[in-house]
Amino acid sequence: MEWAWSGWLSPFEPPLAAWLLGPSLLLALGLLWLYRVLFAPLHLVRRLHDVGYVPEPGTERRQTANQVRWRRKRGDLPPVYPNGWYRLLGSRQLPAAAVKNVTVFGEQLAVYRGADGRAYAVDAYCPHLGANLAVGGRVIGDCIECPFHGWQFRGHDGKCTVIPYAERVPDFARVRSWPLCEVNGALYVWFHCDRQEPGWSVPVQNEIQSGEWVFRGDTEHLINCHIQEIPENAADVAHLTHLHSPAILSGTDLRNTRCRRWGFMRHDWKVQWSEEPVPDRHCSRMLVNHTLHILGWRCPLLDLHVVARQVGPGLVYMLFNHAFLGRGVILHCVTPVEPLLQCVTHCIYYQSNVPALIPKALIMGECIQFERDVMIWNNKTYMPRPLLVKEDSAIVRHRRWYSQFYSDNSPRFPAPNHSLDW
C-alpha cells in the first residue's frame, strides 16, 4: 500500500503522522466539549416517559407511563383549555420561509414565517380536501400554499387568495387564523373558547428585546396532568419544605431524595403568593427567598431572591437579581397539547457579561427541582374538593383566581376513556 501525504504532514512517516493525529483529535474534541460547557446554550428535551415514572421489574418506562395514564382516576376536572396566551415555539425554531406543524389544544396548527418576517398560525388542514398545510406546504409572500392543489391562504385572516384552476375565489374560502405575537424570543398564540380577541398582551421583557440579556439555554418536558395543577404549586407553600428541601445533589427520584447520605445539605424556602389588583388581575406574584445550608452553615453567596410573576394561565416570568450571580429571567411556559398532556418549557436569558456557566447551572438546578414535581404530577389525581387545613388557604385563593380563565363554553375532558397512547 502506498501512502500519499500532503501539506504539513508530508515530512512525517505514516506511523508518526498517525501518532500526531491522535492527540490532535483528542485535543480538538476536548476544546469542543469545553466550549459547549462554558459558552454554548443548554438544550435539554425530556420525553413523556423519561421522568417521573417507576416501572415494575421487566417493564419499560414507556409501558409504565401508558398504564398510569389509563388507570389513573381523573375525578371532576376543570375545563382543560383555559383562555389565554400560550407559547408555541422559540423564534429561532422558525427561520424565514419555514413551516412547522404544531399540536396544541388538541388541534393541528401550521405555523410559518412570511416573506415580511412576520409569523402566522392557521389551522393545518386545508378546508378544500383536508391536506395538511404544514406538511409540504410552501410559503409565498404572507400566504401558505396547500401542497395538494395549490390553494393559497393569507396568514393574518386566513382568507384564500389563489385557487390556480378556478375563475374566482369564493368569499367563504378561508382557514382559521389564530392571533399570534412574537416577543421575548418566542411565538405565543391566543386561545379563547368563544374566539374572543385577546384580553391582555404578553409583557415584553425589555432586557431581552434590547439584547442586554442573551439566551443561555432551555429545557422541555411533557407532563401527564391537568394544566391547572402545574401553576397551583405556586400557592402550595407546604410542598416546598417537604419536596424541595432535600439536597439538589440527591436527584429527582423521590424514593432517594431524602436519603441520609445527602442530609448534610438542605434548601430552605420562604414563599408568599398573591394575586395582583385590577387592571392586572390576570396576573399573580410569588416572592421566593431561598437559602442553602451545608452542615448547618448558611452559604450567603447562594442566597436567591426570585420574583415569579404569572401572566394568565400559562406564562411565568422568574426574575433573578443577585449581587454575585447577576440578573436574568427564566421564562416558564405551560402549553396544553391535549386535555391531559402539557408541554412545559423553561428558557433562561441572562446578562451577556456573566459567564454562561452560571445561568446554565441555574436552569439545571431549576430542572432538577422541577422534575421532582413532575414525578408527583404524572401520578396524581386532581382533587376538586381537597381536604385542606388553615395553612393551605393560599391554594383556595389560587383556585379562585385561576377560575377567571374559564368560560361557560370552555372545553371539558370527554367522559369516555379515550386512548392517550403516543
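Everything quoted here is computed from the prediction, not taken from an experiment.

Cut-offs and rules
Residues numbered from 1 in each chain as written. Predicted model: local features only at pLDDT ≥ 70, side-chain atom pairs only at ≥ 80, totals over all residues. Heavy atoms only, no water. Helix = DSSP H or I, 4+ residues; strand = E, 2+ residues; numbered from the N terminus. Buried < 20%, exposed > 50% of the residue type's maximum accessible area, 1.4 Å probe, protein only. Contact = heavy atoms within 4.5 Å. Pairing = 2+ DSSP bridges. Axes fitted to C-alpha atoms, helices over the stretch in contact; angles between N-to-C directions. Phe/Tyr/Trp six-rings, centres within 6.5 Å; stacked < 30°, edge-to-face > 60°. Lys NZ or Arg CZ within 6 Å of the ring centre and 35° of its normal. Core = buried A, V, L, I, M, F, W, Y, C linked by side-chain atoms within 4.5 Å. Patch = residues over 30% accessible without salt bridge, like charges linked within 9 Å, V, L, I, M, F, W, Y side chains within 5 Å. Areas by Shrake-Rupley, 256 points an atom, 1.4 Å probe, with all protein chains shown as cover. Salt bridge = Lys/Arg side-chain N within 4 Å of Asp/Glu carboxyl O.

## Focus on the overall build of the protein
Then, in step 1: The helix and strand tally for the protein stands at six helices and 20 strands.
Then, in step 2: Counting only C-alpha atoms and orienting by the principal axes, one finds that the protein spans roughly 80 × 75 × 50 Å.
Then, in step 3: Evaluated residue by residue, the protein yields a buried proportion of 48% over its 422 residues.
Then, in step 4: Contacts in the protein between residues far apart in sequence, at least 24 positions, make up 58% of those at least 6 positions apart.

## A look at the sheet that holds strand β2 (residues 84-90)
Then, in step 1: Reading across the sheet, the three strands line up as β2-β12-β11 and stay open at both edges, with antiparallel pairing between neighbours. Since the sheet does not close on itself, it has two edges, and those belong to β2 and β11 (180-183), each with one partner. Direction aside, neighbouring strands of the sheet carry axes that sit 30 degrees apart on average.
Then, in step 2: Sheet topology places β2 next to strand β12 (residues 186-191); six bridges connect them, and they run antiparallel. Pairing of L89 across the sheet is with L187, part of β12.

## Regarding the pairing of strand β3 (residues 99-104)
Then, in step 1: Bridging between β3 and strand β4 (residues 107-113) involves six bridges; their strand directions are antiparallel. Across the sheet, residue N101 finds its bridge partner in β4, namely A110.
Then, in step 2: Hairpin connection from β3 to β4: two residues lie between these consecutive antiparallel strands, with F105 at a positive phi of about 55 degrees.

## Points about the packing of aromatic side chains
Then, in step 1: Tallied over the full model, the rule gives 18 aromatic pairs.
Then, in step 2: Taken together, W85, W190, W200, W273, W401, Y402, F405 and Y406 form an aromatic cluster joined through their ring pairs.
Then, in step 3: One cation-aromatic arrangement involves R92 over F215; the distance from NZ or CZ to the ring centre is 3.6 Å.

## A closer look at the nonpolar core
Then, in step 1: The biggest cluster of nonpolar side chains holds 78 residues, and the ones touching the most others in it are L88, V111 and Y188.
Then, in step 2: No other element matches the six residues that β12 contributes to this core.
Then, in step 3: Apart from residues no more than four positions distant in its own chain, Y188 is found in contact with W85, Y86, R87, L88, P179, L180, C181, V183, V202, L315, L331 and C333.
Then, in step 4: Listed in part, the 19 residues of the second largest apolar core include A110, Y112, C126 and I144.

## Description of helix α2 (residues 61-71)
Along an α-helix, residues three or four positions apart point the same way, because every turn accommodates 3.6 residues.
Then, in step 1: Among all positions in α2, only T64, A65, N66, V68 and R69 are buried.
Then, in step 2: Looking at the buried positions of α2, the neighbouring elements they touch are β19 (326-338) and β20 (341-351).

## Some details on a nonpolar patch on the surface
Then, in step 1: Taken together, the side chains of L25, L26, L29, L32, Y35 and F39 present a nonpolar region at the surface, about 670 Å² in accessible area.
Then, in step 2: Its place among the elements puts L29 in helix α1 (residues 14-38).

## Some points on the pattern of salt bridges
Then, in step 1: Evaluated as defined, the whole model comprises 16 salt bridges.
Then, in step 2: Residue R46 is joined to E371 by a salt bridge in which the shortest nitrogen-to-oxygen separation is 2.8 Å. Of this pair, R46 sits in strand β1 (residues 42-46) while E371 sits in helix α5 (residues 357-377); the two residues are 325 residues apart in sequence, bridging distant segments of the chain.
Then, in step 3: With a relative accessible area of 3%, E371 lands in the buried category.
Then, in step 4: A salt bridge links E212 to R327; the nearest nitrogen and oxygen atoms lie 3.9 Å apart. Taken together, the residues span a long stretch of sequence, with E212 in the loop between α3 (206-210) and β13 (213-223) and R327 in strand β19 at a distance of 115 residues.
Then, in step 5: Judged by its relative accessible area of 40%, E212 falls in the partly exposed class.
Then, in step 6: We classify R327 as partly exposed; its relative accessible area is 29%.

## A word on the environment of L388
Then, in step 1: One can find L388 in the loop between α5 and α6 (393-402).
Then, in step 2: On a C-alpha basis, the gap between L388 and S201 in space is 35 Å, while along the polypeptide they are 187 residues apart.

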